[in-house]
Amino acid sequence: MSLMSKFFGNTKKPEGFLGKIMVNGMNGNSHGALAEWGFGYIDIDKNDTALDCGCGGGANVKRLLSKCDKAYGIDYSEVSVAKSKEVNAEAINNCRSEIHHGDVCKLPFGNDSFNIVTAFETVYFWQDIEKAFAEVFRVLRSGGTFAITNESTGTDETAVKFSKIIDGMNLYTGEDLKALLENAGFSDIQIHIHNSKPWLNVTAKKA
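The residue count restarts for each chain, going from 1 along the sequence in the order it is written. For a predicted model such as this one, the threshold for reporting local features is a pLDDT of at least 70, and the threshold for listing and counting side-chain atom pairs is 80 or more; totals across whole chains, interfaces and linings nevertheless cover every residue. No hydrogens and no water enter the side-chain calculation; it runs on all heavy atoms of the structure.

(A) Region of the structure containing the nonpolar core. Trp 126, Phe 133 and Phe 146 are the most contacted members of the largest nonpolar core, which has 31 residues in total. Strands are runs of DSSP state E lasting at least 2 residues, helices are runs of H or I lasting at least 4, and numbering of each runs from the N terminus. If you list the elements that add at least two residues to this core, you get β1 (49-53), β2 (70-75), β4 (114-120), α7 (129-139), β5 (140-150), α9 (174-184) and β7 (200-205). For this core, the element with the most residues is α7, which contributes five residues. Residue contacts are defined here by distance: any two heavy atoms, one from each residue, within 4.5 Å place the two residues in contact. For Phe 133, the residues in contact, after removing those within four places along its chain, are Val 123, Trp 126, Phe 146, Ile 148, Leu 177, Leu 180, Leu 181, Ala 184 and Phe 186. As used in this record, nonpolar core signifies buried Ala, Val, Leu, Ile, Met, Phe, Trp, Tyr and Cys residues forming a set joined through side-chain atoms within 4.5 Å. For the exposure calls, accessible area comes from a 1.4 Å probe over protein chains only, and a residue counts as buried if that area is under 20% of its type's maximum, exposed if over 50%, partly exposed in between. Of all hydrophobic cores here, the second largest spans 16 residues; its members include Ile 42, Val 61, Leu 65 and Ile 99.

This is the structure we're talking about:
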């Protein structure tokens, strides 16, 4: 495997030294702009409890904590979990946040636990996306929102290029995600595409 393939492969599951570099990059300005754009389509109340799936370096958990009472994160990368705990240490100490090492296909939370579930730049790598969406539906409260934000519409040239480099990366269009979300039981599914970038946001409700 080339160094380039190994480095970009860390977007799937950051590990070791290269993973630490990748996680720090995920918390940087480029992903920050994408996150702020995605958050624009999510109504968050200050009393809500939120979960960020595939939380990476914890930047979006921190953004959620600026908008609501409690925000949790989960990631299957130990490097990501460590960084996310570091970034959100104060909130964790104040019992406003928890960061879990685990799998989105088997979320370690009870039914109806969250008002908001987010997934930023991560569903590409969910090995069983149908099972993962079913798990999100289970832990989401009635009336809650699941929001997916991707830096790719699923067909743009750059993403297609990287999907050939990164093992296990699967691209999804808005319509692909809508069909999967409907199969999981979600309704009121809205697809949003950035007016000048190949960014995709999909929101769905649990009735």
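(B) Structural detail: the environment of Gly 56. Locating Gly 56 in the fold gives a position in the loop between β1 and α4 (59-65). With a relative accessible area of 7%, Gly 56 lands in the buried category. Linking Gly 56 and Glu 78, residues 22 residues apart in sequence, is a C-alpha distance of 9.6 Å. In contact with Gly 56, other than residues within four places in its own chain, are Asp 75, Ser 80, Val 81 and Ser 84.

(C) Inspection of α9 at higher detail. Taken together, the buried positions of α9 are Gly 174, Leu 177, Leu 180, Leu 181 and Ala 184. Viewed along the axis of α9, the buried residues span an arc of 130°, placing them on a single side of the element. Exposed positions of α9 whose direction lies more than 90 degrees from the buried face are Glu 175 and Asn 183. Looking at the buried positions of α9, the neighbouring elements they touch are α7, β5, β6 (187-193) and β7. The arc in question is formed by the directions pointing from the helix axis toward the C-beta atoms.

(D) Quick peek at the packing of aromatic side chains. Only Phe, Tyr and Trp rings take part, Trp by its six-membered ring, and two of them pair if their centres are within 6.5 Å. Stacked means planes under 30 degrees apart, edge-to-face means over 60, and tilted covers everything else. Evaluated as defined, the whole model comprises eleven aromatic pairs. Residues Phe 39 and Phe 120 carry aromatic rings whose centres are separated by 5.1 Å and whose planes lie at 45° to one another, so their mutual orientation is tilted. Here Phe 39, found in helix α3 (residues 29-39), pairs with Phe 120, found in strand β4; they are 81 residues apart in sequence, far enough to count as distant. Owing to a relative accessible area of 7%, Phe 120 belongs among the buried residues under this scheme.

(E) Representation of the side chain of Ser 113 in the model. Locating Ser 113 in the fold gives a position in the loop between β3 (97-101) and β4. Pairs of N or O atoms are called polar contacts if they sit within 3.5 Å, as long as, within protein, a hydrogen donor faces a hydrogen acceptor (for residues adjacent in sequence, only side-chain-to-side-chain pairs). Reaching out from Ser 113, the side chain makes a polar contact with the backbone oxygen of Gly 110 at a distance of 2.6 Å. If sequence neighbours within four positions are ignored, Ser 113 has contacts with Thr 49, Val 139 and Arg 141.

(F) Inspection of the pattern of salt bridges at higher detail. Think of a salt bridge as a Lys or Arg side-chain nitrogen and an Asp or Glu carboxyl oxygen that are within 4 Å of each other. Overall, the coordinates contain four salt bridges when judged by the stated rule. Salt-bridge contacts for Lys 83 lead to Glu 86; the nearest nitrogen and oxygen are separated by 3.5 Å. Of the two residues, Lys 83 and Glu 86 are both situated in helix α5 (residues 78-87); the distance of three residues between them amounts to about one turn of the helix. Arg 138 is paired through a salt bridge with Glu 135; the nearest N and O atoms lie 2.8 Å apart. Note that Arg 138 and Glu 135 are positioned in helix α7 at a spacing of three residues, about one turn of the helix. Of the residues examined, Glu 135 reaches a relative accessible area of 14% and is grouped as buried.

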